[in-house]
Amino acid sequence: MRGGGHRAGRAARKRRQKQESIVQSGINSICVLLLLSGHKHVSLLVSPITNLVSHSVSSVSLCHQPRYVRLMKFLHKREFTSTLLQPAHFTDTGRGLQTLKTIKPGELLISLPESCLLTSSTVLDSYLGEYIKRWKPRLSPLLALCVFLVCERHRGEASDWSPYIKVLPTTYTCPAYFTDDVMAVLPESVRRRASEQREAVREIHALHGDFFESLQPILSQPVKEVLTYEALRWAWCSVNTRSVFMSHPSNPFLSGHDVYALAPFLDLLNHRPDVQVQASFNEATCCYEIRNVSGTHQYKQAFINYGSHDNQRLMLEYGFVTSGNPHSVVYVDTDLLCEVLKGDRSLDQKIRFLRENNFLHNLTVSCEGPSWRLMTALRLLSLPQTLYHQWRAVLLGQAVCEDREQWSVQTAKTLCHRLLQDTHKAVDKQCDQSTREQLDVVQALRQEERCILGSCLEALKGTQRQPDRLSPCQPDVDI
């Protein structure tokens, strides 16, 4: 009886779930069609979606909000007709795109017509075109797009691209926005690159003041009030974090590689490292298309993959990190190596040798343990100057004696402990509310690094003997 009752209950649940799915599918299809045709008051139609998501991640539809209604009308006029996805807010990632039906493996996730893409051709065909075409030296495609975004935002409702600009973030969490206090919380290995990004944006603004001044005839306010550093920074981050790769033919009016395309609606798709997609511009259909290799269940968030990037790269390029990123590692700086091994009399010579052989970059630890490059560098550093003739062989993979191997493992553990100390201090860092969002991203990066270092230390357990047995094979240490 219990078995029969269980089967009957399970069958009833399946019927009920199927009926709910059919009703919800019909409701959301109507909702998207109404949005595309211009109807605004559809909030009652979309609210039931939140009841069908998983218990761990919930979502709320955004498609009834006026700015998304305007965006969909804007795209519909440009021949975008997809009803597979809708904007939604997810508890784990924030804003993203939710599927309205199950996407099968290999099925087209989105197909955005070329008329919806904002490219350098869009800019050159606009009111900015004549100013850019006659300017010398030539502008980069990136700068042309940035200036166009700033000018279009300045035009407000008069801008054709206003529906898209209204849904762009007003601020970003990539290093161009970081204050010195937030920069100080970054790992040393990424701080330099973050500072370089911030200075690069400042330099772009400083070097093109004359060009900005030439645009005064098309602006309703003084150039210095429109094309500010802050405005250019916002536009630069918008292009750098949200554009898709799309190669364009060389243009005589622009300088440098032209590979940017801003893709409204499509750029709401979030990154997940374990998702596989195929993305490219289809010359036959004149659409930018994304196919989902693995498929996505109905009412779940649709993801794409920005590439096999570790969290440092994701933070630098896009302003976010992902939890449990399988590509993430912790980098070991030359400065830290030198500090830990400062008692070695021949350290300078060894560091110079490693640098000459291109062996000081990409020294990392992961959850599985130290990388091969790091352990190889440590093996060389374990050798005394008297064994200089063996240094190159060690870089090529030659084994060292067991005691030197154990010294290398112990040094790897010391490096992990030093990195952990720095990470603990960074995670506890406090700052004012104005930089809270930026600091949260940096601290998320440090939290991920703390997990990696802890796992690495666990992996190193049991791989070394007691330290007092290592003394015969120490490198050239001052006594």
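The structure under discussion appears in the preceding block.
In every chain, residue numbers begin from 1 and rise along the written sequence. In keeping with the model being predicted, local features are shown solely for residues with a pLDDT of at least 70 and side-chain atom pairs are shown and tallied solely at 80 or more, while totals for entire chains, interfaces and linings include all residues. As a rule here, side-chain values come from all non-hydrogen atoms in the structure, and water together with hydrogens is ignored.

Asks: Lay out the nonpolar core with the relevant residues and their values.
Replies: Nonpolar cores are built from buried Ala, Val, Leu, Ile, Met, Phe, Trp, Tyr and Cys residues. Side-chain atoms within 4.5 Å join them into one set. Under the scheme applied here, a residue whose accessible area is under 20% of the maximum for its type counts as buried, over 50% as exposed, and between as partly exposed, the area being computed with a 1.4 Å probe on protein chains only. By size, the foremost hydrophobic cluster in this structure holds 73 residues, and its most contacted members are Ile132, Val147, Leu149, Phe265, Leu266 and Leu269. Here the element with the most residues in this core is helix H6 (residues 141–155); it accounts for ten residues. In this structure, Val147 is in contact with Leu128, Phe211, Phe212, Leu215 and Leu227, ignoring residues within four places of it in sequence. Counting 36 residues, the second largest nonpolar core, distinct from the first, contains Leu354, Leu380, Leu419 and Cys456. In this text, helices come from DSSP runs of H or I with a minimum length of four residues, and strands from runs of E with a minimum of two, each type numbered from the N-terminal end. Working rule for contacts: check all heavy atoms of both residues, and any pair within 4.5 Å makes them a contact.

Asks: How would you explain the pattern of salt bridges if you had to name every residue and give the values?
Replies: Opposite charge on two side chains allows them to pair when their charged atoms are near. We define a salt bridge as a contact between a side-chain nitrogen of Lys or Arg and a carboxyl oxygen of Asp or Glu at a distance within 4 Å. Counted according to the given criterion, the structure contains 18 salt bridges. The shortest N-O distance in the salt bridge between Arg70 and Glu157 comes to 3.2 Å. Remark: Glu157 occurs in the loop between H6 and helix H7 (162–165) and Arg70 occurs in helix H3 (residues 66–77); sequence separation between them is 87 residues. Judged by its relative accessible area of 28%, Arg70 falls in the partly exposed class.

Asks: Account for the sheet that holds strand E13 (residues 369–370), with residues named and values stated.
Replies: What the three strands build is an open sheet, ordered E11-E12-E13; its pairing is antiparallel. The strands lining the two open edges of the sheet, one partner per strand, are strand E11 (330–331) and E13. Two strands are said to pair when DSSP picks up at least two bridges between them. For E11 and strand E12 (residues 364–366), the ladder comprises two bridges, and the chain directions are antiparallel. Its bridge partner being in E12, Val330 is matched across the sheet by Val365.

Asks: For the pairing of strand E8 (residues 277–282), give the residues involved together with the corresponding values.
Replies: Examined bridge by bridge, E8 and strand E9 (residues 287–292) share six bridges and lie antiparallel to one another. Note that in E9 the partner of Ala279 across the bridge is Ile290. With antiparallel pairing between neighbouring strands as the criterion, E8 and E9 make up a hairpin whose turn holds four residues, including Cys286 at a positive phi of roughly 55 degrees.

Asks: Now, about the layout of surface pockets: what can you tell me, with residues and values included?
Replies: Only protein atoms enter the 1 Å grid used here. Points where a 1.4 Å probe fits but cannot escape make up a cavity, open sets with protein on both sides within 12 Å along at least five of seven lines make up a pocket, and a residue lines them when an atom lies within 4 Å of a point. Grid points are joined across faces, edges and corners, and a volume is the space filled by probe spheres set on the points. Taken as a whole, the largest pocket holds about 1,400 Å³ of empty space. Lining of the largest pocket is provided by 49 residues; of these, Thr93, Gly94, Arg95, Asn270 and Gln301 occupy positions nearest its centre. Those elements that provide at least two residues to the lining of the largest pocket are strand E2 (85–90), strand E3 (94–99), helix H12 (229–242), strand E7 (270–271), strand E10 (301–304) and helix H19 (436–460). Amino acids outside the nonpolar list (Ala, Val, Leu, Ile, Met, Phe, Trp, Tyr, Cys, Pro) and the charged list (Asp, Glu, Lys, Arg) are all regarded as polar, and Gly is one of them. Of the residues assigned to the lining of the largest pocket, the class counts are 18 nonpolar, 21 polar and ten charged. Approximately 580 Å³ is the volume attributed to the second largest pocket. In terms of lining, the second largest pocket is formed by 22 residues, of which the most central are Ser243, Val244, Phe245, Tyr306 and Tyr318.

Asks: Break down the packing of helix H9 (residues 188–207) against H12 for me, citing the residues and quoting the values.
Replies: Note on method: axes are straight lines fitted to C-alpha atoms, helices fitted across the in-contact stretch only, with angles between N-to-C directions ranging 0 to 180 degrees. Two numbers describe how H9 lies on H12: the axes approach to 10 Å, and their chain directions differ by 120 degrees. With respect to H12, the axis of H9 lies oblique. Classified by chirality, the crossing of H12 by H9 is right-handed. Facing Gln197, Arg198, Val201, Arg202, Ile204 and His205 of H9, the residues of H12 in contact are Tyr229, Leu232, Arg233 and Trp236. Across the contact of H9 with H12, the residue classes break down as five nonpolar, two polar and three charged. Here is the rule for angles: anything less than 35 degrees is roughly parallel, anything more than 145 is roughly antiparallel, 65 through 115 is roughly perpendicular, and the remaining ranges are oblique. Left-handed describes a crossing whose near helix is turned anticlockwise from the far helix by less than a right angle; the clockwise case is right-handed.

Asks: With reference to specific residues and values, describe the sheet that holds strand E4 (residues 108–113).
Replies: A sheet is described by the order of its strands in space; here three strands give the open sequence E4-E9-E8, paired in antiparallel fashion. The open sheet has two edge strands with one neighbour each: E4 and E8. Across the sheet, the mean angle from the axis of one strand to that of its neighbour is 10 degrees, orientation sign disregarded.

Asks: Explain the packing of aromatic side chains to me, using residue names and the numbers behind them.
Replies: Stacked, edge-to-face and tilted labels apply to pairs of Phe, Tyr and Trp rings (six-membered ring for Trp) whose centres lie within 6.5 Å, assigned for plane angles under 30 degrees, over 60, and everything in between, in that order. Enumeration over the complete set of coordinates arrives at 13 aromatic pairs. These aromatic residues form a ring-pair network of at least three members: Trp135, Phe211 and Phe212. Two conditions define a charge sitting above a ring: the NZ of Lys or the CZ of Arg must be within 6 Å of the ring centre, and it must be within 35 degrees of the ring normal. Against the face of Phe253 rests Lys133, its NZ or CZ located 5.4 Å from the ring centre.

Asks: Please give an account of the pairing of E2 that cites residues and values.
Replies: Burial analysis of E2 places five of its six residues in the buried class, the great majority of the element. Relative to E2, strand E1 (residues 59–61) is paired through three bridges, and the arrangement is antiparallel. From the neighbouring strand, Val60 faces E2, where its bridge partner is His89. Taking the residues between adjacent antiparallel strands as the criterion, E2 and E3 are bridged by three residues.

Asks: I'd love a proper account of the side chain of His309, names of residues and values included.
Replies: Relative to the helices and strands, His309 is located in the loop between E10 and helix H13 (311–318). By relative accessible area, His309 is classed as buried at 12%. Apart from residues no more than four positions distant in its own chain, His309 is found in contact with Leu314, Tyr318, Asn325 and His327.

Asks: Outline the packing of H9 against H13, listing residues and values.
Replies: The geometry of H9 relative to H13 is characterised by a closest axis approach of 11 Å and an angle of 15 degrees between their N-to-C directions. Comparing the axis directions of H9 and H13 gives the class roughly parallel. Here H9 runs over H13; the crossing is right-handed. Packed against H9, whose contacting residues are Ser189, Val190, Arg193, Ala194 and Gln197, the element H13 presents Gln312, Met315 and Leu316 at the interface. Per-class residue counts for the contact of H9 with H13 are four nonpolar, three polar and one charged.

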